[in-house]
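# Report on the structure
Below are the chains, spelled out letter by letter.
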Amino acid sequence: MNLFGQSPLANLTPVVKNLLIINIIFFIATLVFQSMGIELAFHLGAFYFNSPHFRVWQIITYMFMHGGWAHIFFNMFALYMFGPAIENYMGSKRFFNYYFITGIGALALQMLVQAIEVHGILGSFTFDPAMNYNITPEDVGRLRAIYAEPMVGASGALFGILVAFGVLYAETNLYIMLIPIPVKAKYAVIGYIVVELYLGLSQHQGDSVAHFAHLGGALVGYILLKIWGMHRTNDFY
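To keep things clear, this report deals only with the structure shown in the data block.

The rules we used
- Residues numbered from 1 in each chain as written.
- Predicted model: local features only at pLDDT ≥ 70, side-chain atom pairs only at ≥ 80, totals over all residues.
- Heavy atoms only, no water.
- Helix = DSSP H or I, 4+ residues; strand = E, 2+ residues; numbered from the N terminus.
- Expected span 1.5 Å × (residues − 1).
- Buried < 20%, exposed > 50% of the residue type's maximum accessible area, 1.4 Å probe, protein only.
- Arc of directions from axis to C-beta.
- Contact = heavy atoms within 4.5 Å.
- Salt bridge = Lys/Arg side-chain N within 4 Å of Asp/Glu carboxyl O.

## Looking at helix α1 (residues 14-35)
- For α1, spanning 22 residues, the distance from its first C-alpha to its last is 32 Å, which sits close to the expected 32 Å at 1.5 Å a residue.
- The complete set of buried residues in α1 reads Val15, Val16, Leu19, Leu20, Asn23, Phe27 and Thr30. Burial along α1 is one-sided: seen end-on, the buried residues are contained in an arc of 140 degrees. Set apart from the buried face of α1 by more than 90 degrees, the exposed residues are Ile25 and Ser35.
- Of the surrounding elements, those touching the buried residues of α1 are α4 (69-90) and α5 (92-122).

This is the structure:
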């Protein structure tokens, strides 16, 4: 008899549990290396494809890097809350594929948006150090952000999971912070995507969040659900 009730980890599915463990290990490693003066995100975060810092493994490793305590907490909380339902529905193998495909799709859309922005500044999708560009200080700052700052985080893949939850468990009521009434999952996810689209298009100064990566994960996730023929379940989670 368990006098303390069921462990909150008891319902974790295999892939979700391992993703949580790997993300936490990467975060601890980031802190350890930082204490030695080494920025692990510079090697494992994802850089623009034309950046001299880009490496092919970053396409995967960026999903396990996080920019701080709040970043990893909210991402892992979302994975813990919504991941098991989706893994139970899809099965572990397909959920594993879904997670990484949406994460890669998130990076692909973010890079596409960056490429369009680079082309708008330089007239080319790539920066050539031998060229003499006539650009403004503001453009220089934007190029520096694209070429010298890595993208990190599991948020793109998690948006794929949120979309899956909104489609597969559409009628489930969710309680969202600052909203006093329950909101059905399908409306909550749509609202979240609209907010991300607005923030991505408005480009507020000082906003370092990769909003189009979030949208990319959501879009690829929705496409995969359609391709795999996965539809709304009548079960409430």
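## So, the pattern of salt bridges
- Throughout the structure, instances matching the rule amount to three salt bridges.
- Between Arg142 and Glu117 there is a salt bridge whose closest N-O contact spans 2.6 Å. Separated by 25 residues along the polypeptide, Arg142 in helix α6 (residues 137-148) and Glu117 in helix α5 bring together distant segments of the chain.
- Among the residues examined, Glu117 registers a relative accessible area of 18% and is labelled buried.

## Considerations on helix α8 (residues 185-202)
- For α8, which comprises 18 residues, the first-to-last C-alpha distance of 26 Å matches the rise-based estimate of 26 Å (1.5 Å per residue) to within 8%.
- Turning to α8, its buried residues are Ala185, Ala188, Val189, Glu196 and Gly200. Viewed end-on, α8 has its buried residues packed into an arc of 105 degrees, placing them on one side of the element. Exposed residues pointing more than 90 degrees away from the buried face of α8 are listed as Tyr187, Ile190, Val194, Tyr198 and Leu201.
- Lining the buried residues of α8 we find α7 (155-168), β1 (173-174), β2 (183-184) and α9 (211-227).
- Gln203 occupies a position one or two residues after α8 and carries a positive phi of about 50 degrees.

On their own, these measurements won't tell you what the molecule is for.
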